[in-house]
Amino acid sequence: MTNSIELTGISKSYGNLTALGKVDLTVKRNEILTLLGPSGCGKTTLMRIIAGFEEPTTGKVMIDGKDSTALAPEHRPVNMVFQKYALFPHLDVFDNVAFGLRLKKKPKDEIKREVNKALELVQLESFKSRWISELSGGQAQRVALARALVNRPAVLLLDEPLAALDLKIRHHMLNEIKRIHEETSTTFVYVTHDQDEAMILSDRVVLLNKGGIEQIGGPQEMYWSPRTLFAAKFFGDTNIVNGTYGVSGVVELPFGRYAHTAKSGVGAGPVNVSIRPETIGLEPALGATLADGAFAGKVKDTSFIGNRVIYRVEVAGGTLDLKCQQLPTPGSHALPPGTNVALTCKPESFVVIPA
Ligand code: ATP
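So, how was this worked out
Residues numbered from 1 in each chain as written. Predicted model: local features only at pLDDT ≥ 70, side-chain atom pairs only at ≥ 80, totals over all residues. Heavy atoms only, no water. Helix = DSSP H or I, 4+ residues; strand = E, 2+ residues; numbered from the N terminus. Buried < 20%, exposed > 50% of the residue type's maximum accessible area, 1.4 Å probe, protein only. Core = buried A, V, L, I, M, F, W, Y, C linked by side-chain atoms within 4.5 Å. Contact = heavy atoms within 4.5 Å. Near = heavy atom within 4 Å. Polar contact = N/O pair within 3.5 Å; in protein donor to acceptor, adjacent residues only side chain to side chain. Areas by Shrake-Rupley, 256 points an atom, 1.4 Å probe, with all protein chains shown as cover. Nonpolar A, V, L, I, M, F, W, Y, C, P; charged D, E, K, R; others polar. Pairing = 2+ DSSP bridges. Axes fitted to C-alpha atoms, helices over the stretch in contact; angles between N-to-C directions. Phe/Tyr/Trp six-rings, centres within 6.5 Å; stacked < 30°, edge-to-face > 60°. Lys NZ or Arg CZ within 6 Å of the ring centre and 35° of its normal. Domains from an automatic or database assignment. Salt bridge = Lys/Arg side-chain N within 4 Å of Asp/Glu carboxyl O.

Student: Got a sec to walk through unusual backbone geometry? Specific residues and values, please.
Tutor: You will see that Lys-105, though not glycine, has its phi angle at about 55 degrees, which is positive. For Lys-105, the location among the structural elements is in the loop between helix H2 (93–103) and helix H3 (108–121). Not every positive phi belongs to a glycine, and Glu-160 is a case in point at roughly 40 degrees. Position of Glu-160 relative to the elements: it lies in the loop between strand S7 (155–159) and helix H5 (167–183). On the accessibility criterion, Glu-160 (12% relative accessible area) is buried.

The structure is reproduced here in structure tokens:
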């Protein structure tokens, strides 16, 4: 059996509100699958349906090959880590982690062994007797992870577990979560609205929009081959340029004509073209004439971010404004606003989406 979770025809309504339409989704064994999407798109609802905290209005939930639709949360091989940790403040770290095993009335020596193992996994062996109030946010989240993993769930559900942490700790914890995933044979389903987290962590990303699945794929596939305008805009930074696609395989944009064969399903007519900022070349325009294939622009705004420089550039069409991203060479200075530049595009990286 290679699938950990199979959801078929899952929908959820609250009165007149449809939180989830008909969702079909398969989660493979041992993968990290991310549910990504804007606020209110149904990520948490889907997660809670897998956990058993929420009953679907229609559909079937299979976990580990077993129909679990009507099973109570405690009877599913699933544990959940919450955004706000939900730790017990009146218990120390050891007792927080031991809680589930004590409920299951496991023998004392087994509890001790398993809790120690779980604390070792999250690198908190020396924090056993600390109170929860004496922990940093990152440490508290590790306790929450240990408390879930000590039950050796087949599936670990993580609902925005890093949302309360600051950026640096979040990046560190992402790597920790990856390491913990490698060291345990567990399927991880991770909810986030942060596309960077989804990209760093996921084997596959499920992009949700208004209660439905917009696209599923690996991070690189999602980034380079978004199928819809929503997916192109939500997953990574991009420029959306209005243009026209001709059947002869030519994309006409306000600043040039490019040979490009769009994917099947795109007919001749008006299109939106997604152009990733880092695929646009930018050079100072030195002479009056531009090289073949280049088009003119003027820098409007420059943001130096250390490892890259982001330019906003005004180009033909008057009001059209492109974002370009350049890697700085050591010691170089970013071009200031007002600089005339020559831009080039790589039409092979265009994503043409019917308008
Ligand atoms: P966020 O990122 O803001 O947490 P989300 O993608 O997790 O959002 P859900 O919490 O799944 O979104 O909510 C999906 C929709 O269902 C929202 O419109 C929300 O208001 C609604 N909803 C969720 N729970 C309930 C409830 N118990 N009663 C009524 N409506 C609900």
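There is more to say after this.
Student: So what's going on with the nonpolar core? Which residues, and what values?
Tutor: Membership of the largest hydrophobic core comes to 37 residues, with the highest contact counts inside it found for Val-97, Val-115, Val-143, Leu-145 and Leu-156. Counting residues per element, the ones that place at least two in this core are H2, H3, helix H4 (137–149), S7, H5 and strand S8 (187–192). A per-element tally of this core places H4 first, with seven residues. Excluding its chain neighbours within four sequence positions, the residues that come into contact with Val-97 are Val-115, Ala-118, Leu-119, Val-143, Ala-146, Arg-147 and Val-150. Counting 28 residues, the second largest nonpolar core, distinct from the first, contains Ile-275, Val-309, Leu-322 and Val-352.

Student: Pulling in residues and values, what's your account of the site of the ligand?
Tutor: Inspection of the region around the ligand gives Tyr-14, Leu-17, Ala-19, Pro-38, Ser-39, Gly-40, Cys-41, Gly-42, Lys-43, Thr-44, Thr-45 and Glu-160 as its neighbouring residues. Within the backbone of Gly-40, an N or O atom sits 2.8 Å from an oxygen atom of the ligand. Contacts to the ligand include Cys-41, whose backbone N or O atom sits 3.1 Å from an oxygen atom. When the ligand is considered free in solution it has 630 Å² of accessible area, and contact with the protein chains removes 58% of it. For the shell around the ligand, the secondary-structure elements that each account for two or more residues are strand S2 (17–28) and helix H1 (43–51). Classifying every residue of the shell around the ligand by side-chain character gives five nonpolar, five polar and two charged.

Student: If you had to explain the pairing of strand S14 (residues 269–275) to someone new, which residues and values would you point to?
Tutor: With respect to burial, S14 is a largely interior element, six of its seven residues being buried. Here strand S11 (residues 239–246) pairs with S14 via seven bridges, running antiparallel. For Val-241, the partnering residue across the bridge sits in S14 and is Val-273. When S14 meets strand S20 (residues 351–354), the two strands line up antiparallel, connected through four bridges. The residue of S20 that forms the bridge with Asn-272 is Ile-353.

Student: Before we move on, could you go through the sheet that holds S11 and cite the residues and values that matter?
Tutor: A sheet is described by the order of its strands in space; here five strands give the open sequence S13-S12-S11-S14-S20, paired in antiparallel fashion. Every other strand in the sheet has two partners, leaving strand S13 (256–259) and S20 as the edge strands with one partner each. When the angles between neighbouring strand axes are averaged without regard to direction, this sheet yields 35 degrees. Pairing geometry for strand S12 (residues 250–253) and S13, over four bridges, is antiparallel.

Student: Kindly report on the packing of aromatic side chains, identifying the contributing residues and their values.
Tutor: Tallied over the entire structure, the rule returns seven aromatic pairs. Seen from their ring centres, Tyr-223 and Trp-224 are 4.8 Å apart, and the 90 degrees between their planes marks the pair as edge-to-face. Between Phe-230 and Phe-234, the ring centres sit 5.7 Å apart and the planes meet at 15 degrees, which makes this aromatic pair stacked. Of this pair, Phe-230 and Phe-234 both sit in helix H8 (residues 229–234), four residues apart, which is roughly one turn of that helix. On the basis of relative accessible area, Phe-230 is assigned to the partly exposed category, the value being 21%. Joined through ring pairs, the aromatic side chains of Phe-255, Tyr-258, Phe-295 and Phe-350 make up one cluster. One residue, Arg-147, lies across the ring of Phe-88, its end atom 5.2 Å from the ring centre. Lying over the aromatic face of Tyr-223, Arg-276 brings its terminal NZ or CZ to 4.0 Å of the ring centre.

Student: Tell me what's going on with the domain arrangement of the protein chain, and back it up with residues and numbers.
Tutor: You can read the domains of the protein chain as domain 1 (3–224) and domain 2 (237–354). With centres defined by C-alpha atoms, the gap from domain 1 to domain 2 works out at 40 Å.

Student: Talk me through the pattern of salt bridges; I want residue IDs and the actual numbers.
Tutor: Taken as a whole and assessed by the stated rule, the structure comprises 15 salt bridges. Close ionic contact of Lys-323 with Asp-237 constitutes a salt bridge, the shortest N to O distance being 3.0 Å. In this pair, Lys-323 is assigned in strand S18 (residues 321–326) and Asp-237 in the loop between H8 and S11, connecting sequence segments 86 residues apart. Taking relative accessible area as the criterion, Lys-323 reaches 21% and is therefore assigned partly exposed. Arg-257 is the salt-bridge partner of Glu-252, the closest N and O atoms lying 3.4 Å from each other. By relative accessible area, which is 39% here, Glu-252 ends up partly exposed. Judged by its relative accessible area of 59%, Arg-257 is exposed.

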